[in-house]
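So the chains spell out like this:
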Amino acid sequence: MLRADVSPSRALPTHQQAEALQLVTPDGVRRPDPEYDPWIADVDDEQLEALYEDMVVVRRFDTEAVALQRQGQLGLWPPLLGQEAAQIGSARALRSDDFVFSSYRENGVAYCRGAQPTDLMRVWRGTALAGWDPRAIGMATPQVMIGSQTLHATGYALGCVKDGVDSVAVAYFGDGATSKGDVHEAMVFAATFHAPVIFFCQNNQWAISEPVGLQAQRPIADRAAGYGIPGIRVDGNDVLAVMAATRSALDRARRGDGPTFIEAVTYRMGPHTTSDDPTRYVDPQDKASWAAKDPVVRLERLLHARDALSEERTSQIKEKAEAFAAEMRSGCYGLPVPEPLSVFEDVFVEPTPALERQRSQYAAYLAMYDEEA
């Protein structure tokens, strides 16, 4: 199992410039780094293989979800193709008592936290307001409102301090969210009160159809210094580099030294969501250059170079990925239509008078149709 408590150093990260931290090249060559190598010193071939398995499974079910939406079984789906390393590398660094606050695209993180195949379908099929019980897997209901989860993460992190525990909150968001006021306010608050929170920005180069260069004139990680927060810019297609950076940030937070900002530089290989047509604005040559940095192929090359991935194991991983996708599809088909009044459940810990009044009025409205029948 991958350890989530590695603490080889207490030095602050120095990768805060335009050059991103990289431990594995696109060709699968391991690059030594004296500062970050200790953070992944325990990651042996077996654990590398496990990370590879995660990425293969996540890519497969993501493809299946896109197909389900195209076939009219889902209302929408936000693909994560190309961002597997950023999500898997960071999520596998977390402990079970850490808590994730994400946007709508972190289905790879949800998989690592324990979300089941059918859980990933519920919201996008329109049968539930949340796909899973946040308390059961340590991951909040994903936010569609851009950037608001950073505030939730900061508040939760401060709660951890009040409770006297060393759990850490992690907020996932995209490059576009960094132009939102909520993110700014969360970082100011987190820095002021040394909240044990990680701001994990997946810079996938696009805010829907707007390129990142439109709102970021410098590397996004450079902004962290203005808040007094250490910033790490990491190759988001390098699962080892992402894990090392995340472990470093987690250690800092657990020590009581406050937040860290991580910019994982990656690329959204598909549409923003299945309602988007990226061919209208993406340069094919730009996309091709990023395809050559594919995170799954990169790790596969490293494993082959170390003679650590057999044909038999590759087949087993593929079978697991296919099985997960098949279970996700069957689970999607089997989701029951929810009772209309269930929309009022789990809105608050305790129902408020206003909520009860709304429920009563809606129940009376529905009863009108029962009388007509």
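Residues numbered from 1 in each chain as written. Predicted model: local features only at pLDDT ≥ 70, side-chain atom pairs only at ≥ 80, totals over all residues. Heavy atoms only, no water.

### Some details on the UniProt feature "domain: Dehydrogenase E1 component" (unreviewed entry) in the protein
Operational definition: UniProt positions are given in the numbering used here, feature names are shortened, and annotations may be inferred rather than shown by experiment. The way it works is that DSSP assigns letters per residue, a run of H or I at least four long becomes a helix, a run of E at least two long becomes a strand, and they are numbered from the N terminus.
The positions UniProt marks with the feature "domain: Dehydrogenase E1 component" (unreviewed entry) are residues 54–323. In this annotation, residues 54–323 is assigned 44% helix and 11% strand; the end-to-end C-alpha distance for the span is 13 Å.

### What to know about the packing of helix α2 (residues 84–91) against helix α8 (residues 239–254)
Which entries qualify depends on this criterion: Axis lines are fitted through C-alpha atoms, for helices just across the contact stretch, and the angle between N-to-C directions can take any value from 0 to 180 degrees. Note on angle classes: values under 35 degrees are labelled roughly parallel, values over 145 roughly antiparallel, values of 65 to 115 roughly perpendicular, and the remainder oblique. Crossings are sorted by hand: turned counterclockwise from the far helix by less than a right angle, the near helix makes the crossing left-handed, and turned clockwise it makes it right-handed. Here, residues are in contact when the closest pair of their heavy atoms is within 4.5 Å. Residue classes follow a fixed rule: Ala, Val, Leu, Ile, Met, Phe, Trp, Tyr, Cys and Pro count as nonpolar, while Asp, Glu, Lys and Arg count as charged, and any other residue, Gly among them, counts as polar.
It is the contact of α2 with α8, at a shortest axis distance of 8 Å, that shows an interaxial angle of 40°. If you check the angle between α2 and α8, you find them oblique. Between α2 and α8 lies a crossing whose hand is right-handed. Contacts between α2 and α8 involve Ala 85, Ala 86, Ile 88, Gly 89 and Ser 90 from the first element and Val 239, Val 242, Met 243 and Thr 246 from the second. Considering only residue class, the contact of α2 with α8 consists of six nonpolar, three polar and no charged.

### Some thoughts on the state of the cysteines
Under the convention used in this document: Cysteine sulfur atoms that pair up within 2.5 Å are treated as a disulfide.
Within the structure shown, the criterion is met by zero disulfides. Unpaired in terms of disulfides, Cys 112 finds its nearest cysteine sulfur in Cys 201, a separation of 19 Å.

### What about the side chain of Ser 167?
We apply this condition: Nitrogen and oxygen atoms within 3.5 Å of one another constitute a polar contact, given that in protein one can donate a hydrogen and the other can accept it, and given that sequence-neighbouring residues count only through two side-chain atoms.
Note that Ser 167 resides in the loop between α6 (148–163) and β2 (169–174). At 2.9 Å, the side chain of Ser 167 and the side chain of Asp 97 are in polar contact. With near-sequence residues (within four places) excluded, Ser 167 lies in contact with Arg 95, Asp 97, Asp 98, Cys 160, Pro 196 and Arg 254.

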